[in-house]
Structures are given as structure tokens and as C-alpha cells.
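Structural features, examined
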Protein chains: 2
Amino acid sequence: MSKIEKIKKILEESRIYNDSITMINWDMETEAPKASLEYMSKIISFLSRKSYENVVNDEFKNLIYSIDENTLNPIEFKMIKKVKKEIFEKMSKIPVDEYADYSELVANSSSKWQEAKQKNDLDIYAPYLKRVIDYNKKFINYVGYKNHPYSLLLSDYEEDLNVEIADNFFNEIKNELIPFIKKIVLLKRDELNRIKEKFYSRKYDIEKQKQLCKEISEILRFDYNSGVIKESEHPFTTNTGNKNVRITTHYYENNPLSSIYSTIHETGHALYEQQVDDIYEEYNLGGGTSMGIHESQSRIFENMFCKNEKFVKKLYDLLDKYFNLDINYEEFNLLLNEVDTSLIRTEADEITYPLHVLIRYELEKEIFTNLDEEISIENLSNKWNEKYEKYLGIKPTNYSEGILQDIHWSQGAFGYFSSYALGSAYASQIYTFMNKEIDIEKELENLEFSNINKWLKEKIHKYGKYLSPKEVIKNACLEDFSPKYYVNYLKEKYSKIYGLEV
Amino acid sequence: MSKIEKIKKILEESRIYNDSITMINWDMETEAPKASLEYMSKIISFLSRKSYENVVNDEFKNLIYSIDENTLNPIEFKMIKKVKKEIFEKMSKIPVDEYADYSELVANSSSKWQEAKQKNDLDIYAPYLKRVIDYNKKFINYVGYKNHPYSLLLSDYEEDLNVEIADNFFNEIKNELIPFIKKIVLLKRDELNRIKEKFYSRKYDIEKQKQLCKEISEILRFDYNSGVIKESEHPFTTNTGNKNVRITTHYYENNPLSSIYSTIHETGHALYEQQVDDIYEEYNLGGGTSMGIHESQSRIFENMFCKNEKFVKKLYDLLDKYFNLDINYEEFNLLLNEVDTSLIRTEADEITYPLHVLIRYELEKEIFTNLDEEISIENLSNKWNEKYEKYLGIKPTNYSEGILQDIHWSQGAFGYFSSYALGSAYASQIYTFMNKEIDIEKELENLEFSNINKWLKEKIHKYGKYLSPKEVIKNACLEDFSPKYYVNYLKEKYSKIYGLEV
């Protein structure tokens with residue numbers, strides 16, 4: 001066996017451990033009985049340790065560093081580079097016992113979060129969150145950082161992202177969007193309230209919602225031969241390779257839009273995973289390249305394609321067929337594009353959404369500014385509420401709609417939220433450039449996604465992790481990332497809907 | 001760490017590997033997308049190898065054999081004894097590569113079986129079945145056997161069972177039941193056909209069936225805090241410990257009895273697992289002690305409790321409430337206790353059921369009599385059909401209702417079927433002795449299962465694998481196993497229903 005073959009084999013073994021963990025996590029989120037969760041977390045801890053030990057050892061390190069990079073083809077080169085960076089410059093700095101403990105902690109912490117949220121009881125969750133934060137601070141110290149500790153966490157989800165770039169991005173959002181939102185949030189209020197009253201005061205059979213979501217996912221060309229759609233509390237996508245891609249949604253009897261748009265969002269993620277070329281899987285470069293690019297794919301489907309009025313017209317007919325709607329198309333379109341300040345990120349509209357992310361960004365940055373500072377979760381919760389009042393003008397009245405609303409921190413995913421806003425910004429830019437080659441609205445009018453998906457595959461999806469986020473944007477748009485498309489798109493779209501001058 | 005602690009830790013690690021496999025198998029059977037199955041099988045193969053290597057090594061062997069058995073408490077003693085027998089007298093005789101290949105083969109083979117059954121195409125499955133059989137023959141040679149090679153496979157599922165004991169048991173069934181069945185199968189035929197025509201020609205809403213099955217499982221006291229009920233092609237029970245017990249059923253729109261009685265059957269299995277004492281889990285003695293005892297628990301619920309007329313009366317009312325039945329209680333009771341020869345084991349009535357097992361027993365015994373003989377699957381299928389004609393008087397007209405009907409062989413579970421018939425025989429004996437302490441019919445009349453379950457827990461369930469099947473029967477019945485209860489029970493019950501002299 002050549003050195004490269006040996007490396008591929010070892011990486012494949014770690015992938016198998018990680019994919020086993022993925023499957024057990026999937027089970028825990030979607031169906032595991034309560035009493036089993038503790039043992040399931042133990043399984044995850046054990047497998048994490050095995051995955052870690054499999055690559056963090058001198059033998060593998062020597063193998064990796066003994067490779068003459070000049071002899072490698074570009075895919076092999078990228079594989080080796082990624083191993084050096086992620087394993088030997090990051091993971092190996094964390095002692096194995098702490099790595100395994102942490103894996104078990106976050107598995108447990110997620111189920112405590114769920115319980116705490118249901119009971120609106122921060123105390124159940126606070127000690128777990130505190131430990132998760134403390135571990136992350138410790139890990140930052142182990143790995144080391146440049147300029148700002150939080151930059152390390154940001155770059156876990158988005159290569160090359162750091163506090164400086166993120167600050168610039170969020171300042172743009174703060175300066176451009178907050179005043180704009182303040183203006184339009186007051187418009188068409190009465191009309192919207194009347195539409196909402198009509199739309200949300202009736203019941204939409206859940207079995208029918210399931211059928212409808214299936215039909216929509218098929219229109220978007222989700223591949224059921226290599227995918228599954230199921231239910232969970234909080235919609236998400238997970239996968240082991242491109243042939244086993246799983247998404248979830250959540251059905252609410254009085255709100256079919258929730259299940260429809262979360263299905264569309266997660267289908268965007270799923271298509272990215274399903275369209276990665278097999279060759280990259282083999283070199284451990286399968287899967288989306290970053291959380292930001294991933295989110296661009298879910299958001300481009302959710303917002304740019306499926307809230308486009310061409311698509312909305314067809315969606316209206318479909319919903320009307322299933323449920324015999326009480327509102328007309330114009331009302332439906334306005335409802336879908338409502339702008340209102342709300343407390344829950346996942347229910348936020350397209351334009352207030354980045355403010356929710358901004359709040360999380362600022363809180364996380366503060367948590368990870370001084371690594372020695374003791375963190376008080378109660379205090380963090382207060383700051384959460386204050387920022388909602390400051391940026392959105394409303395304040396949570398309980399923990400479940402405040403600091404307990406998101407699963408992410410329980411899973412240790414600090415630095416993740418930014419990629420949500422960044423993803424939307426990528427999506428606007430990608431849409432603009434796709435539109436130069438494909439008449440997108442014409443495709444949407446025909447509920448035709450084959451050309452759109454093909455373009456996304458060729459420009460983005462198929463490369464998996466072989467291209468960095470930066471390279472993906474350059475490949476798709478022939479220029480570097482710029483946030484201007486995002487802010488312009490939002491202001492233009494909503495000015496039109498709400499009858500404002502741009 | 002003491003030697004015993006070390007042993008417990010190593011066994012726990014293997015249990016974690018095996019439980020990960022269990023969870024992935026569960027996923028494959030219930031929801032995995034088709035394209036993922038091949039990679040899932042690869043995960044299973046990898047984890048099987050790890051589990052194997054974890055215990056099959058000199059270090060662990062030395063540890064086990066260096067223990068002074070005189071220093072052990074009874075639970076420790078049993079743990080060590082089981083390790084010696086299962087690992088060092090069996091598993092370790094099989095080379096690790098073949099063990100892992102075989103694990104992957106059976107995972108693949110199961111999905112090929114499923115496809116073959118759907119398409120009624122033996123060719124898809126035959127080469128896999130042949131390889132599974134060849135591996136089993138090879139493994140018998142590696143391990144060695146006394147008297148008859150097939151005895152080794154029988155004892156995999158039922159400690160101390162061998163061809164001699166099984167031959168005696170099946171001869172009793174053959175001699176006593178075949179002539180008896182021939183007599184009653186002709187009785188009440190017209191009446192039954194009329195009832196069946198009425199009952200099966202309408203639709204029973206599947207969502208309602210789901211609710212009803214849930215209600216019944218709750219009556220039987222299935223613990224949802226440590227259990228899950230889901231759907232699959234072929235109903236089954238699986239678990240990782242006593243806190244994560246999973247059962248499946250399958251819903252047919254024209255036949256609610258299928259989902260109801262498979263739910264009852266699997267709940268019997270599940271209760272056994274859920275009621276094992278925690279202490280035995282810790283010593284690797286968790287779970288049911290044998291397939292025969294396991295099946296006694298599913299059968300005692302399915303047939304002895306839930307086809308008892310006291311229970312059937314209540315079940316009738318429940319079904320009538322859900323579906324507004326077109327038949328009366330007497331007709332319903334006769335329908336439930338119909339005796340008819342059929343081709344499908346899982347749909348067979350209580351009294352013809354053991355003949356289906358008899359056929360599989362004879363075929364398996366023949367396959368594993370001469371280990372050097374080449375096996376022809378086509379030939380095996382012909383023999384299958386001939387035996388159905390001989391014992392049941394009917395012959396399959398296609399593979400799906402013949403040799404392709406069961407999943408077991410695809411999973412390499414040769415020697416398993418016997419435990420189904422043995423389980424029913426155990427159940428009759430256990431029922432007789434339970435009835436001396438509890439007025440079972442009175443409990444059933446009140447749909448009250450707490451005393452019944454408590455008795456089963458105290459006499460059988462709680463011991464897990466700490467007691468052997470032989471010891472379990474002795475503990476519950478204060479005597480050794482005897483097949484006479486079974487044959488007597490069947491003849492008595494059906495003589496009464498069909499108006500024959502006993």
C-alpha cells in the first residue's frame with residue numbers, strides 16, 4: 001500500500017467512526033426514548049475517542065509529514081493540507097480524555113437543553129452550558145489564536161473568517177438594515193394582521209402537510225433514493241456522505257408555512273450534499289465546504305427561489321388545492337414577505353433575520369473575548385434580552401423565547417451563527433451571477449429546478465471540500481465575496497413590496 | 001483497577017460497538033435510503049471487526065484465564081463462564097477477516113433479500129444466501145461440534161439444545177398435531193369464509209390503526225420512556241440494554257389484526273428486555289437469555305393472553321369503537337382462532353404455526369448435515385415447496401411466498417426458527433404455572449397486566465442472561481421443560497372451539 005493509500009484508509013476509518021456518531025445523533029434527535037439518551041451519549045463519547053485516537057498519533061503524524069507534496073495530485077494535496085490544519089494544528093492539541101468528555105457533554109447537554117426549553121427552566125441547562133463554554137475556552141487556549149480568541153471559533157465553520165471581517169459585515173447590516181427595517185415594519189400592519197388572523201386561525205391537517213412537503217421536496221428534486229425526510233423538534237440536515245442525506249421538519253397544525261419553508265430550507269442543504277462528486281468522498285473531501293456556503297444553498301432555495309413571486313404563485317395554487325385557502329394570492333404573497341420584529345430567530349422574516357444573528361454574534365464575541373473571565377449564564381440571558389430590546393425593540397418574557405430558543409450552544413457550536421447571515425449574503429451574490437446564465441424566474445414559473453440544480457452542481461456542489469469557501473464564490477461569481485449584493489437585494493425587494501423609494 | 005473491573009470495561013467496549021451496530025441495523029431496517037445501504041453495511045463490517053479485536057486477543061484471554069474462579073461472586077462467575085464459552089471456545093476460532101467479511105455480507109444480504117422478495121426474483125438473492133450458508137459451514141468447521149454439525153447452530157440460540165432434543169420435540173409435533181389439524185381444518189369452513197369476506201373486504205384507516213396499536217401497547221404496559229414503536233417491512237424487536245427497546249409493526253389497510261397482533265407479539269419481547277435488572281447489564285448479562293425464552297414471552301402475550309376469550313371480548317369492543325365492525329363478537333373470536341393451512345409463517349394460526357417451523361428445521365438440518373456438500377438454492381427452494389405440500393397440503397406458486405418469505409437466512413440466522421416453536425411450548429408451560437398463582441383470566445377480563453408483568457419479571461425477566469433457559473423454566477415452573485403442556489393446550493383449546501371430543 002502506498003503512503004497515500006494508507007492515509008486514505010486511516011481517514012476512512014475515522015470517517016466511519018464519525019458517521020456512526022452522526023447516525024446515533026440522528027436517532028437521538030428524531031426518535032430515541034428518553035431513558036436511552038444517557039447511554040447513547042456514552043456511545044458517542046466512546047466513538048469520538050476512537051476517532052480521535054485513530055488520527056492523533058505519532059505514526060499517522062509521521063506518515064502525513066513524510067509525504068513529499070511535490071508528488072501529489074491536486075486532490076491529494078488538498079487532503080494532506082486539510083489533515084495538517086484540522087488534525088495536527090487543531091484537534092491534536094486537545095488531550096484525548098477532554099475530547100471524549102466534551103463529546104459526551106455536548107450529547108447530554110443537547111437533551112438537557114431540550115428539557116429546559118420545554119419547561120422554560122434555565123437552571124436545568126445552565127450548568128451544562130457553562131461547562132460547554134468553559135471547555136471551548138480551554139480548547140482555544142490549547143490550540144492558540146491570532147488577534148482574537150473568537151476568530152478561532154469563527155474559522156471552525158468558515159475558513160478564513162475572523163473577527164475583523166465579521167465585524168465589518170455585521171456593521172454593514174447594523175448600519176444599513178436597522179434604520180430600513182424601522183421604516184417598513186410599520187407599513188401595511190393592519191392588512192397583515194387581518195391576513196394573519198385569517199390564515200393562522202384555522203387548522204391544516206398534518207397528514208396533508210406531510211404529503212405537501214413531500215411534493216414540494218420532489219419539485220426541488222430532493223433525491224429520495226439517497227435521502228430521508230423525518231420530523232424533529234428543530235429542523236436540521238445531517239448526512240454520511242452523498243448517498244445518505246437526512247433532513248427533518250416540524251409540523252404545526254395551524255401553520256403549514258413553517259413545515260413548507262423548513263422543508264425547502266433543509267432541501268437546499270440536502271441538495272448540496274447529494275450533489276458532491278464521489279471522487280471527493282474518497283479523499284475525505286466530501287460534504288459542503290463550510291457552514292456559510294452550506295447556508296447559502298439553503299437560503300437561496302428558501303428565500304431567493306421559493307419566496308420569489310413566480311414561485312409563490314405556484315405555491316399558492318398548490319396550498320389552495322390541499323387546504324382550500326381563505327386568503328387570495330396577493331394576501332398570501334404579502335404574508336410570506338411580512339416584515340415584523342419577533343423574538344424567535346427561526347421564525348424571523350428574511351430581513352430581520354440577520355439582526356437575530358447579529359445579537360448572537362455580539363454575545364459570543366463577548367463570551368470569548370476574555371478567556372479567563374467567569375461566565376454567568378443568568379447574566380448572559382439578561383444581555384440577550386437587552387440586545388433584543390435595543391435592535392428589535394422587543395424583549396423576551398421567558399427563557400424559552402430568549403436564550404433557550406436555539407440548540408446550537410448546547411452542541412458547542414459557537415461561531416456557527418455568523419454563517420447563517422453570511423450564507424444569505426453569499427446567496428444574493430450567487431443568485432445575481434446565476435441569473436446571468438439562466439433565466440431563473442422563467443424556471444421558477446415552471447416549477448423547474450433541473451437547470452438551477454445543474455448550475456449549482458457545476459459551480460458549487462460537486463467540489464465538496466476541494467474548494468475553499470473563498471474559491472467557491474470565485475468559481476461561481478468570478479469575483480470575491482462582497483456583502484453589497486445582500487443589502488441591495490433586501491432593500492430593493494422590500495422597498496418594492498412595501499411601496500418605498502429605493 | 002481490579003481484574004474484574006478491567007474485564008467489565010473491555011466487555012463494555014465491545015457492547016458499545018455491538019450496540020452501535022444494532023442502531024445502524026435498526027436504521028437500515030426502518031428508514032435508511034436505498035443508496036446508503038452499501039456504505040451502512042461497510043460501517044457494520046468495520047465496527048464488527050473492532051468489537052471482535054477488542055476481545056479476541058491474547059491479553060484479554062490471559063486476563064480471563066488468570067482469574068481464580070473461587071474468588072468470584074455468582075454474577076462474576078457467570079460472566080467469566082459466558083466469555084470463555086462464547087468468545088474463546090467459539091468466536092476466536094473464526095479469523096477476524098472472515099468475521100468482518102461475514103458481517104458485511106449479512107448486512108448486504110438482508111437488503112438483497114428484501115429486493116428479491118419484492119420482485120419475486122430468487123436470482124437476486126441466491127448467490128448471497130449461498131455465501132451465507134458457505135460461511136456458516138466454514139464456521140462450524142472452525143469451532144468444531146459434537147454429534148451433529150447443526151447442533152452447534154441450534155445452541156447459538158438455545159443453550160443446550162441439540163439435534164437429538166429438537167428431533168424429539170418436532171416428532172411430537174408431527175405425530176400429534178398433523179392428524180389433529182387435518183380433522184379441524186375442514187370444520188366451520190363456510191362460516192369462516194363468510195366472516196373473512198366481511199372482515200377483510202373493507203378498509204381500516206392506517207392512522208387509526210396506529211392509535212389503536214399504541215393504546216394496546218399501553219394496556220400491555222410497554223414503557224415508552226425506554227422504548228419506541230415504528231414501522232418496518234417485517235416486524236421485529238431490537239434493543240441496546242433495558243432502556244432502549246425498539247419494536248416495529250407493519251400496517252395493512254384491509255387487515256388491522258396483522259398490526260395489532262404483531263404489536264402484541266413484539267411488546268412481549270420488549271417487556272422481557274425492559275424488565276431486566278440493571279445489575280446484569282453491568283456484568284454483560286443483560287438481555288433475554290435465549291431466543292426460545294424470548295419467544296415464549298412474545299407468544300405468551302400473542303396467543304395465551306391476547307387470544308384468550310376474556311381478552312378477545314375487550315379487544316372486540318375496542319376495535320368496534322375505532323372501526324365500527326361489521327361482525328359480532330362470536331364471529332370475531334372464531335376469526336381470531338381460525339385454523340387454516342397457509343403458505344406464510346408469520347400469518348399462520350397458532351396451531352399450524354409449528355408446522356412452518358418444522359419445515360425450516362428439517363431443511364436447515366439437511367443443509368448442515370454434510371458440510372462438504374455443495375448447496376443449490378434452486379434445489380432448496382424445490383424442497384421447501386415439497387415439504388409444504390406434504391405437511392400442509394399446499395404448495396407455493398412463487399418464490400416470495402416460498403423460500404423468500406423470511407428474512408432470517410439472509411441474516412445468517414440458521415438454528416433460530418426452532419426457538420419459535422420451542423417458545424410456544426415454553427409459553428404453555430409457563431402459563432400453567434403462572435395460573436396457579438394468579439387468576440390470569442380475571443386479570444385479562446380487566447385488561448390488567450401489572451400483576452402478570454410483575455410475575456414474569458420476578459420469575460423470568462429480571463435475571464437477563466444470568467439464568468440459562470433451563471434454569472429459567474425451573475425457576476418459573478419448579479420443574480424441567482416438557483412439551484406435553486403445549487400439545488395438550490393446543491388440542492384442548494381447539495377441540496373446544498371446533499366442538500370436538502378431546
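Fair warning: this is a prediction, and the values are worked out from it, not measured in the lab. (Residues numbered from 1 in each chain as written. Chains lettered and ligands numbered in written order. Predicted model: local features only at pLDDT ≥ 70, side-chain atom pairs only at ≥ 80, totals over all residues. Heavy atoms only, no water.)

Regarding the sheet that holds strand β3 (residues 245-249) of chain A
Residues and elements named next belong to chain A. The three strands lie next to each other as β1-β3-β2, forming an open sheet whose pairing is mixed. The open sheet terminates on both sides in strands that have one partner only, identified here as β1 (227-231) and β2 (237-239). Within this sheet the neighbouring strands show an average axis-to-axis angle of 20°, counted without direction. Pairing of β2 with β3, which is carried by three bridges, proceeds in the antiparallel orientation. Residue pairing in the sheet places N239 in a bridge with V245 of β3. The sheet contacts of helix α1 (residues 3-30) involve β1, β2 and β3, and relative to β3 the element is tilted by about 20°. (Pairing = 2+ DSSP bridges. Helix = DSSP H or I, 4+ residues; strand = E, 2+ residues; numbered from the N terminus. Axes fitted to C-alpha atoms, helices over the stretch in contact; angles between N-to-C directions. Contact = heavy atoms within 4.5 Å.)

Remarks on the side chain of E295 of chain A
Residue and element names in this part refer to chain A. Checked against the element boundaries, E295 lands in helix α13 (residues 291-305). The exposure class of E295 is buried, given its relative accessible area of 1%. Residue contacts for E295: discarding those within four places in its chain leaves H265, H269, S419, Y420 and G423. (Buried < 20%, exposed > 50% of the residue type's maximum accessible area, 1.4 Å probe, protein only.)

Notes on the environment of K93 of chain A
Residue and element names in this part refer to chain A. In this fold, K93 is placed in the loop between α4 (74-88) and α5 (96-119). The partly exposed category is assigned to K93, whose relative accessible area is 37%. Spatially, the C-alpha atom of K93 lies 8.0 Å from that of F139, the residues being 46 residues apart in sequence.

What to know about the relation of the copies chain B and chain A
Rotating chain B by 180° and translating it 0.0 Å along the rotation axis places it on chain A, where the RMSD comes to 0.0 Å. Such a combination of turn and shift is consistent with a two-fold rotation axis. Relative to the rotation axis, the C-alpha of S20 of chain B is the closest in chain B, positioned 3.5 Å from it. An overlap of 100% is found between the interface residues of chain B and their copies at the interface of chain A, pointing to a shared contact surface. (Least-squares fit on C-alpha atoms with pLDDT ≥ 70 in both.)

Notes on the packing of aromatic side chains
Residues and elements named next belong to chain A. On inspection of all chains with the given rule, the structure shows 80 aromatic pairs over all chains. Taking 5.3 Å as the distance between ring centres and 45° as the angle between the ring planes, the aromatic pair formed by Y416 and Y420 counts as tilted. In this structure Y420 comes out as buried when scored by relative accessible area, which is 8%. Taking the ring centre of Y498 as reference, the NZ or CZ of K188 above it sits at 6.0 Å. (Phe/Tyr/Trp six-rings, centres within 6.5 Å; stacked < 30°, edge-to-face > 60°. Lys NZ or Arg CZ within 6 Å of the ring centre and 35° of its normal.)

What to know about the confidence of the model for chain A
Model confidence for chain A is summarised by a mean pLDDT of 96, while 100% of its residues fall at 70 or above. Of the two predicted TM-score estimates for the complex, the pTM is 0.90 and the ipTM is 0.89. (pLDDT = per-residue confidence, 0-100.)

Describing helix α4 (residues 74-88) of chain B
Along its 15 residues, α4 of chain B runs 20 Å from first to last C-alpha, staying within 8% of the 21 Å computed at 1.5 Å per residue. Of the residues that open α4 of chain B, the one with a side-chain oxygen 3.0 Å from the backbone nitrogen of I75 of chain B is N73 of chain B. (Expected span 1.5 Å × (residues − 1). Polar contact = N/O pair within 3.5 Å; in protein donor to acceptor, adjacent residues only side chain to side chain.)

So, the pairing of strand β3 (residues 245-249) of chain B
Residues and elements named next belong to chain B. With five of five residues buried, β3 lies mostly within the body of the structure. Of the pairings in the sheet, the one linking strand β1 (residues 227-231) to β3 comprises five bridges and is parallel in character. Across the sheet, the residue bridging to E231 is T249, located in β3. Counting the residues in the hairpin turn of strand β2 (residues 237-239) and β3 gives five residues, including G241, whose phi is positive at 75°.

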